[in-house]
Amino acid sequence: MASHRSFVAVIVAAGRGVRAGLALPKQFVDLAGRPVLRWSVDAFAAHPDCRQIIVVAPVDTEGLALAETVCAGIEAIVVRGGAERIDSVKAGIARADQAELVLVHDAARPGIAPHHIDRLLAAFADPAVAGSVPVLAVADTLARRDGDRIAENIDRSTAVRVQTPQAFRRSAVEAAHAVWAGPATDDASMVRANGGLIVAVEGDERLDKITNEGDLERMQAMLGGGLPQWRTAIGSGFDVHRLIAGDGIWLGGHFIAHDRKLEGHSDADVLLHAITDAVLGALGAGDIGQHFPPSDERWRGAASDAFLKHACQLAAERGAIIDHVDATVICEAPKVGPHREAIRARIAAIMGLGPDQVSVKATTTEKLGFTGRGEGMAVMANASLSIPRHPPQGE
Ligand code: MG
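Now for a look at the structure at hand. On a predicted model such as this, the values are computed, not experimentally measured, just so you know.

### Let's talk about the packing of aromatic side chains
Under the counting rule described, the total for this entry stands at five aromatic pairs. Between the aromatic rings of Phe292 and Phe307, the centroid separation amounts to 4.4 Å while the plane-to-plane angle is 35°, which identifies the pairing as tilted. Residue Phe292 is found in the loop between helix 9 (288–291) and helix 10 (305–317), and its partner Phe307 is found in helix 10; the two are separated by 15 residues along the sequence. Phe307 carries the same exposure label as Phe292, and that label is buried. In textbook terms, an aromatic cluster arises when at least three aromatic residues are bridged by ring pairs, as seen for Phe292, Trp299 and Phe307. Positioned above the aromatic ring of Trp39 is the side chain of Arg34, whose terminal nitrogen or guanidinium carbon lies 3.8 Å from the ring centre.

Below, the structure is given as structure tokens:
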């Protein structure tokens, strides 16, 4: 039901209050991967009849900067708000270019979708209508309170909750703002008081306002439903160590007696090094050399368990889960097969995983190259991690 009535969206994001449990004013906190304000900006930007988006930012410089950051990459005008909501709306409407209608919306209502806008616009087919607002029936019993007593019930049969966006003929909302004195909780009450006809259209729980952390979680459940709460990250690792004369090698934290050993600053456990790099890679946390520089005397002869444990600890700090590790050992000798189960169990123990989450394979290079000539061993490893989209807040 396209209306073909162009409108200007004024999104009021001027609140400066930081509620308990939130680190920023609520319009700037993350909701399923986007700041709360951005949800509304994106919804209006996607509507074909939207001519202009005006975001009213908090009056302070930090708030203005936050709003500008949120709107980056979108064609939106960011203006500084006023001390009261009414001043902010006025500042927003003042920047509107010519369009027949103005939609005023609270940034703390991120659940806006195109069909909500369409319903509001459709109401203007009646030339007598000055404004349209989304409303919801009241499900709870309503009562008047007298101190700590309930005085009497209020008839809820005609009571509604009024939401935003609220749509107005531009002339009607400008006229109402020009003459209004005193506070107002919404613009429809001002237009109505100024003689304008306001009609109700069907509201939506998704248009409810976020006022505290609990609302944020509820809204996240409603809007974030389509987005997985976890992302999968795959990291890869590769390592090589030279084989020299010796009495055995450390491979995956397991000692294999052999007529050679691996040369290195630490115990040269090529398999644990590759897996450590794979875990670090999935976390985007650099590489093993950055965390444990070979120039550092602390790591001379060190058991490589410590390196892998450190990478797993980093993952845990980010709330990440290591799902699986797969490694391929590349050498002609020693034979890995007889040690495979012991190696898997050892790696699983270091990482706090089940043995079925660790795979160790082996191959030769058909006597080709440095591994084929027995000059060294190589390992390729992959680690897959599930990483929360909403990492735990820092202490
Ligand atoms: Mg190494």
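Past the structure itself, the notes keep going.
### Re the coordination of the magnesium ion
Taken together, the protein donors to the magnesium ion comprise Asp239 (OD), His241 (NE2) and His273 (ND1), at separations of 2.2 to 2.3 Å. Sequence positions of the donors to the magnesium ion reduce to the motif D-x1-H-x31-H.

### Remarks on the state of the cysteines
Within the structure shown, the criterion is met by zero disulfides. You can see Cys50 has no disulfide; the closest cysteine sulfur is in Cys71, sitting 12 Å from it.

### Some words on the sheet that holds strand 16 (residues 260–262)
The strand order 16-13-19-17-18 describes an open sheet built from five strands, whose pairing is mixed. Two strands bound the open sheet, and with one partner strand each, they are strand 16 and strand 18 (358–363). Within this sheet the neighbouring strands show an average axis-to-axis angle of 20°, counted without direction. With three bridges connecting them, strand 13 (residues 230–245) and strand 16 associate as antiparallel partners. Looking at the pairing, Ile244 lines up with Lys261 of strand 16. In the packing of helix 8 (residues 270–283) onto the sheet, the strands contacted are strand 13, strand 16, strand 17 (321–330), strand 18 and strand 19 (376–388), and the crossing angle to strand 13 comes to about 155°.

### Overview of the pairing of strand 13
A regular strand places its side chains on the two faces of the sheet in alternate fashion. Bridging between strand 13 and strand 19 involves 13 bridges; their strand directions are antiparallel. Residue pairing across strands places Arg242 opposite Gly376, the latter belonging to strand 19.

### Description of unusual backbone geometry
Omega for the peptide link from Thr164 to Pro165 comes to 10°, which places this bond in the cis form. Structurally, Pro165 is set in the loop between strand 10 (160–162) and strand 11 (166–169). Each neighbour pair has its own omega, and for Ala333 with Pro334 the value is 0°, a cis peptide bond. Considering the arrangement of structural elements, one finds Pro334 in the loop between strand 17 and helix 11 (340–351). Phi at Ala268 takes a positive value of approximately 65°, unusual for a residue other than glycine. For Glu366, which is not glycine, the phi torsion reads 55° and is therefore positive. Within the secondary structure, Glu366 is located in the loop between strand 18 and helix 12 (369–372).

### What to know about helix 5 (residues 170–179)
The complete set of buried residues in helix 5 reads Arg170, Ala172, Val173, Ala176 and His177. Of the surrounding secondary structure, the elements contacted by the buried residues of helix 5 are helix 3 (85–94), strand 6 (101–106), strand 7 (129–137), strand 11 and helix 6 (187–193).

### Remarks on the nonpolar core
Formed by 44 residues in total, the largest nonpolar core has its most connected members in Leu251, Leu271, Ile275 and Met351. At the level of secondary structure, the elements contributing two or more residues to this core comprise strand 13, strand 14 (248–251), helix 8, helix 10, strand 17, helix 11, strand 18 and strand 19. A per-element tally of this core places helix 8 first, with ten residues. Excluding its chain neighbours within four sequence positions, the residues that come into contact with Leu271 are Leu251, Gly252, Ala327, Val329, Ile343, Ile347, Val360 and Val379. Formed by 32 residues, the second largest nonpolar core is a distinct cluster that contains Ala43, Val55, Cys71 and Ala123.

Reading the values: the criteria
- Residues numbered from 1 in each chain as written.
- Predicted model: local features only at pLDDT ≥ 70, side-chain atom pairs only at ≥ 80, totals over all residues.
- Heavy atoms only, no water.
- Phe/Tyr/Trp six-rings, centres within 6.5 Å; stacked < 30°, edge-to-face > 60°.
- Helix = DSSP H or I, 4+ residues; strand = E, 2+ residues; numbered from the N terminus.
- Buried < 20%, exposed > 50% of the residue type's maximum accessible area, 1.4 Å probe, protein only.
- Lys NZ or Arg CZ within 6 Å of the ring centre and 35° of its normal.
- Donors = N, O, S within 2.8 Å, 3.2 Å for Na, K, Ca; no water.
- Disulfide = S-S within 2.5 Å.
- Pairing = 2+ DSSP bridges.
- Axes fitted to C-alpha atoms, helices over the stretch in contact; angles between N-to-C directions.
- Contact = heavy atoms within 4.5 Å.
- Core = buried A, V, L, I, M, F, W, Y, C linked by side-chain atoms within 4.5 Å.

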